Amino acid sequence: MKEAFIQIMNDNDGIPEYMTIEDYLTMKELNIYNWEEYERAQERARLQSNKQKDLGKATEDSKGESV
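Let me sum up the structure you'll find in this document. (Residues numbered from 1 in each chain as written. Predicted model: local features only at pLDDT ≥ 70, side-chain atom pairs only at ≥ 80, totals over all residues. Heavy atoms only, no water.)

1. Regarding the overall build of the protein chain
Okay, step 1: The helix and strand tally for the protein chain stands at 3 helices and 0 strands.
Okay, step 2: Residues classed as buried in the protein chain amount to 21% of the 67 residues present.
Okay, step 3: Only carbon and sulfur atoms are counted for the fraction: they give 49% of the accessible area of the protein chain, which is about 5600 Å². (Helix = DSSP H or I, 4+ residues; strand = E, 2+ residues; numbered from the N terminus. Buried < 20%, exposed > 50% of the residue type's maximum accessible area, 1.4 Å probe, protein only. Areas by Shrake-Rupley, 256 points an atom, 1.4 Å probe, with all protein chains shown as cover.)

2. Some words on the pattern of salt bridges
Okay, step 1: On inspection of all chains with the given rule, the structure shows 1 salt bridge.
Okay, step 2: Of the charged contacts, one joins Arg46 and Glu43 as a salt bridge, the two residues approaching to 2.5 Å between their closest N and O atoms. Linking Arg46 with Glu43, this pair stays in helix α3 (residues 35-63), spanning 3 residues, or about one helical turn.
Okay, step 3: Residue classification places Glu43 among the partly exposed positions, given a relative accessible area of 35%. (Salt bridge = Lys/Arg side-chain N within 4 Å of Asp/Glu carboxyl O.)

Here is the structure:
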């Protein structure tokens, strides 16, 4: 764990201002130590999740339609 924290500090010139313990654990799991890269990865994951939810909602809506 210590190595991951040192890597984060090195890649970001210190501790990212808004980094939480959850962020730290996720960054370590993803092997992403640069804060900006991590935020982009989180945004992509959020958009992908929303897209899947929207597709599921569209599928549910179309099941109720009669042909």
